Amino acid sequence: MLNIRLLGTFDCRLQREPVSTLRQGRPTALLAFLSVTNEPQSRITIADLLWDRPSEQQGRSNLRYVLRDLRKAVGDFVTVDRDQVSLNLSLPHWIDCITFASHLRS
């Protein structure tokens, strides 16, 4: 199970163990962005958010390294294809801000 806490201090745990490689930086920012948006995002959108005006080619190249690091950290919880990146919501997960928003709606 993947547990992500975004409200307050960031915390990411996989099978109850802290994911120590996700403390800061772009992989952490990408995981937070995917968690909050809760839907697939285009690679171009992500590259634009993470880097200040790279060329499309440079942005995609940079993003490959971030995705590699994120996949090393959380494995199949991140789904990547040629055009999009998303969280794999079919796997067991808990995200505090999604739970919070759900409580607000009810």
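Fair warning: this is a prediction, and the values are worked out from it, not measured in the lab. (Residues numbered from 1 in each chain as written. Predicted model: local features only at pLDDT ≥ 70, side-chain atom pairs only at ≥ 80, totals over all residues. Heavy atoms only, no water.)

1. Digging into the nonpolar core
For soluble globular proteins, the rule of thumb is that nonpolar side chains tend to be buried together. Ranked by internal contacts, the top residues of the largest apolar core, which has 26 residues, are Cys12, Leu22, Leu30, Leu63 and Val74. For this core, the secondary-structure elements that each account for two or more residues are β1 (2–5), α1 (26–37), α2 (43–50), α3 (56–74) and β6 (84–87). It is α3 that provides the largest number of residues to this core, a total of 6 residues. (Core = buried A, V, L, I, M, F, W, Y, C linked by side-chain atoms within 4.5 Å. Buried < 20%, exposed > 50% of the residue type's maximum accessible area, 1.4 Å probe, protein only. Helix = DSSP H or I, 4+ residues; strand = E, 2+ residues; numbered from the N terminus.)

2. Brief notes about α1
The terminal C-alpha atoms of α1, which comprises 12 residues, lie 16 Å apart, in line with the 16 Å expected from a rise of 1.5 Å per residue. Of the residues one or two after α1, Asn38 is the one with positive phi, at around 60°. (Expected span 1.5 Å × (residues − 1).)

3. Examining the state of the cysteines
Tallying each qualifying case throughout the model produces 0 disulfides. With no disulfide partner, Cys12 has as its closest neighbouring cysteine sulfur the one in Cys97, 12 Å distant. Taking the relative accessible area as the measure of exposure, Cys97 reaches 14% and is therefore buried. (Disulfide = S-S within 2.5 Å.)

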